[in-house]
Amino acid sequence: MQSPLPGQVFCWGSGSTELGNVPDREGVIPFPTRVPNLPGDIIQVECGDQFTVALSQSGVVYTFGSSTKGKLGRIPDRNTVGVVEGLRDIFVKFIAVGQGHSLCIGTNSFGDTAVYGWGNAFRSALPPFSSDVLSAVRIGGLPEDLTPISRVPELCGGFCRW
């Protein structure tokens, strides 16, 4: 069955900013509500701990929700819907989300495909970084048997317990 509203994202539940829209006076959205400021061509949505990442058909990555520890991948680090910094010239084909960090596979204008990441780098969730990454950066040090990375069909963000 095809959705009558393909490519659109809806949220509901409890939350002040994680849902991408303005909650009612009690902080609850009791019914599905379209997330404002997202394009209508969303093909993938992933949720982390109080934040959401969405990928458009045009390869653009949007985030909204909690802005702590670089989870949204952009500066200024705001709770509203916005585009991840560091990916503006990258066509992203897949996204993955961990508890407080995000990953994606993307190709630049030269045809180079790589893994990019942003967010909480606690316990090396984003190697080789040891502090939070506030905008998307290319993740290096991947095993040679993963190249070319363009052959990797998807990623998994994993979970980090502290």
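Here the structure is shown first, and the text comes after it.
Read on for a plain summary of the structure.

1. Section: the sheet that holds strand β6 (residues 82-83)
Then comes step 1: What the four strands build is an open sheet, ordered β3-β4-β5-β6; its pairing is antiparallel. In this open sheet, the two strands that pair with only one neighbour each are β3 (42-47) and β6.
Then comes step 2: Judged from the two bridges that link them, strand β5 (residues 61-65) and β6 form a sheet pairing that is antiparallel. By the bridge assignment, Thr-63 is partnered in β6 with Gly-82.

2. With respect to the nonpolar core
Then comes step 1: Of all hydrophobic cores here, the largest spans 17 residues; its most connected members are Val-53, Val-61, Leu-87, Val-92, Ile-95, Cys-104 and Trp-118.
Then comes step 2: Of all elements in the fold, only β4 (51-56), β7 (91-97), β9 (113-119) and β10 (133-138) reach the threshold of two or more residues within this core.
Then comes step 3: Setting aside residues up to four positions removed in sequence, Leu-87 forms contacts with Val-61, Val-92, Cys-104, Tyr-116, Trp-118 and Ala-136.
Then comes step 4: Formed by nine residues, the second largest nonpolar core is a distinct cluster that contains Val-35, Leu-38, Ala-54 and Val-81.

3. Section: the pattern of salt bridges
Then comes step 1: On inspection of all chains with the given rule, the structure shows one salt bridge.
Then comes step 2: A salt bridge links Arg-88 to Glu-85, with the shortest nitrogen-to-oxygen separation between them at 3.0 Å.
Then comes step 3: Judged by relative accessible area, Arg-88 falls into the exposed class, the value being 53%.

4. Re the environment of Trp-118
Then comes step 1: Here Trp-118 is to be found in strand β9.
Then comes step 2: With 32 residues separating them along the chain, Trp-118 and Gly-86 place their C-alpha atoms 9.4 Å apart.
Then comes step 3: Engagement of the side chain of Trp-118 in a polar contact is seen with the backbone oxygen of Lys-71, the distance being 3.3 Å.

5. Comments concerning the pairing of β3
Then comes step 1: By the bridge criterion, five bridges tie β3 to β4 in an arrangement that is antiparallel. Its bridge partner lying in β4, Ile-42 is registered against Ser-56.
Then comes step 2: Counted along the chain from β3 to the antiparallel partner β4, the turn is three residues long, and its residue Gln-50 has a positive phi close to 70 degrees.

6. With respect to the pairing of β5
Sheet faces and side chains relate simply in a regular strand, where the side chains alternate between the two faces.
Then comes step 1: With five of five residues buried, β5 lies mostly within the body of the structure.
Then comes step 2: By the alternation rule, side chains of β5 split into Val-61, Thr-63 and Gly-65 and Tyr-62 and Phe-64, which are all buried.
Then comes step 3: Pairing analysis gives five bridges linking β4 to β5, with the strands arranged antiparallel. Along β5, the bridge assignment pairs Val-53 with Thr-63.
Then comes step 4: Taking the residues that link successive antiparallel strands as the turn, the β4-β5 hairpin has four residues, and the phi of Gly-59 there is positive, at about 85 degrees.

7. Overview of the sheet that holds β10
Then comes step 1: Pairing is antiparallel in the open sheet, where four strands are placed in the order β7-β8-β9-β10. Two strands bound the open sheet, and with one partner strand each, they are β7 and β10. With strand direction ignored, the average angle separating the axes of adjacent strands in the sheet is 20 degrees.
Then comes step 2: With three bridges joining them, β9 and β10 adopt antiparallel strand pairing. Its bridge partner lying in β10, Gly-117 is registered against Val-137.

Definitions and limits used
Residues numbered from 1 in each chain as written. Predicted model: local features only at pLDDT ≥ 70, side-chain atom pairs only at ≥ 80, totals over all residues. Heavy atoms only, no water. Pairing = 2+ DSSP bridges. Helix = DSSP H or I, 4+ residues; strand = E, 2+ residues; numbered from the N terminus. Core = buried A, V, L, I, M, F, W, Y, C linked by side-chain atoms within 4.5 Å. Buried < 20%, exposed > 50% of the residue type's maximum accessible area, 1.4 Å probe, protein only. Contact = heavy atoms within 4.5 Å. Salt bridge = Lys/Arg side-chain N within 4 Å of Asp/Glu carboxyl O. Polar contact = N/O pair within 3.5 Å; in protein donor to acceptor, adjacent residues only side chain to side chain. Axes fitted to C-alpha atoms, helices over the stretch in contact; angles between N-to-C directions.

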